[in-house]
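Here's the letter readout for the chains.
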Amino acid sequence: MRKLSSPVNVHMDHVSAVLDVDFSPTGKEIVSGSFDKTIRIFPVNKGRSREVYYTKRMQRVTCVRWSLDNKYILSGSDEMNIRIWKSEAAEKLGVVRSREKAALQYNQKLRDKFSEHPQIRRIARHRHLPKRVFNAAKEIRTIRESKKRKEANKRAHSKPGHVEYKAERVKRVLGENE
């Protein structure tokens, strides 16, 4: 029997309701479509998205699917269009010559080698978002920080052990049906 009282991981980048989710054929990533008009790709074991897709014309995303060859993501939205996205945004389509392939592998190894450097991490993490989504994310971040600060103050100014610490994963479970 599975333990459903606490989630294994919480993916937290969307700013509105998630309408559809699909696993990649490899099972290592999840794609989600949201009411905030974005499509996000999450690694299964991490809480933040590795890629964000959106266009100005795209309305609320109602369904997302991963192609069986793991190269494309299909999305459907309210404006009755189906869009095809590359699952790896920087991946080159078509024939890749051996010299280009060697250069791409070398660049990937450099990224892996220096991934812990603060400037490289900042560049790798940066994604351009629509103003509306960026501002909503900023507001949500401010609310979370103020809640954390309030809990820390309650813990600091009360009897030891009186206010217990609750993990973020436990807070997210609203209820359990049997």
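Going by the structure above, here's the rest.
Presented here is a report on the structure given in the accompanying data block. Here the structure is a predicted model, which is why all the values come from computation and not from measurement. (Residues numbered from 1 in each chain as written. Predicted model: local features only at pLDDT ≥ 70, side-chain atom pairs only at ≥ 80, totals over all residues. Heavy atoms only, no water.)

Quick word on the nonpolar core
In this structure, Val31, Ile39, Ile41, Tyr53, Met58, Val61, Val64, Trp66, Ile73 and Trp85 together form the largest nonpolar core, which totals ten residues. Of all the elements in the fold, those that place two or more residues in this core are strand S3 (39-43) and strand S5 (61-66). In this structure, Tyr53 is in contact with Lys37, Thr38, Ile39, Ile41, Met58, Ile73, Trp85, Lys86, Ser87, Glu88 and Ala89, ignoring residues within four places of it in sequence. (Core = buried A, V, L, I, M, F, W, Y, C linked by side-chain atoms within 4.5 Å. Buried < 20%, exposed > 50% of the residue type's maximum accessible area, 1.4 Å probe, protein only. Helix = DSSP H or I, 4+ residues; strand = E, 2+ residues; numbered from the N terminus. Contact = heavy atoms within 4.5 Å.)

Quick notes on the sheet that holds S3
Reading across from one edge, S1-S2-S3-S4 is the order of the four strands in this open sheet, with antiparallel pairing throughout. Sheet topology places strand S1 (18-23) and strand S4 (51-53) at the edges, where each strand pairs with a single neighbour. For this sheet, the mean inter-axis angle between neighbouring strands, taken without regard to orientation, is 20 degrees. Here S1 runs beside strand S2 (residues 29-34); their pairing, made up of five bridges, is antiparallel. Across the sheet, residue Val18 finds its bridge partner in S2, namely Ser34. (Pairing = 2+ DSSP bridges. Axes fitted to C-alpha atoms, helices over the stretch in contact; angles between N-to-C directions.)

As for unusual backbone geometry
Glycine aside, negative phi is the norm for most residues, and most peptide bonds take the trans geometry. Although it is not a glycine, Lys37 sits at a positive phi angle of roughly 70 degrees. Relative to the helices and strands, Lys37 resides in the loop between S2 and S3.

Some details on the environment of Thr55
Here Thr55 lies in the loop between S4 and S5. Looking at Thr55, the relative accessible area reads 28%, which means it is partly exposed. The sequence separation of Thr55 and Asp13 amounts to 42 residues, and the corresponding C-alpha distance is 17 Å. Those residues in contact with Thr55, other than ones at most four positions away along the chain, are Arg83 and Trp85. Within the structure, Thr55 has its side chain in polar contact with the backbone nitrogen of Met58 (distance 3.1 Å). (Polar contact = N/O pair within 3.5 Å; in protein donor to acceptor, adjacent residues only side chain to side chain.)

Description of the side chain of Arg83
By secondary structure assignment, the location of Arg83 is in strand S7 (residues 82-86). The class for Arg83 is buried, based on a relative accessible area of 17%. A polar side-chain atom of Arg83 sits 2.4 Å from a polar atom in the side chain of Glu79. Aside from chain neighbours lying at most four places away, what touches Arg83 is Thr55, Arg57, Met58, Ile73, Leu74, Ser75 and Ser77.

Quick look at the pattern of salt bridges
Considering all chains together, one arrives at ten salt bridges under this definition. In this structure, the salt-bridge partner of Arg50 is Glu29, at a minimum N-O distance of 2.5 Å. In this pair, Arg50 sits in the loop between S3 and S4 while Glu29 sits in strand S2, placing the two residues 21 residues apart along the sequence. This pair shows no difference in class: Arg50 is buried, exactly as Glu29 is. The partner of Lys92 in a salt bridge is Glu100, and the shortest N-O contact between them spans 2.4 Å. You can call Lys92 partly exposed: its relative accessible area is 42%. Residues joined by salt bridges that share partners form a network here, namely Asp13, Arg40 and Arg48. (Salt bridge = Lys/Arg side-chain N within 4 Å of Asp/Glu carboxyl O.)

Looking at the sheet that holds S7
In spatial order, the strands read S5-S6-S7; together these three strands make up an open sheet with antiparallel pairing. The strands lining the two open edges of the sheet, one partner per strand, are S5 and S7. In this sheet, neighbouring strand axes are inclined to one another by 25 degrees on average, regardless of whether the strands run parallel or antiparallel. In terms of strand pairing, strand S6 (residues 72-77) meets S7 through five bridges, oriented antiparallel. The partner of Tyr72 across the bridge, within S7, is Lys86.

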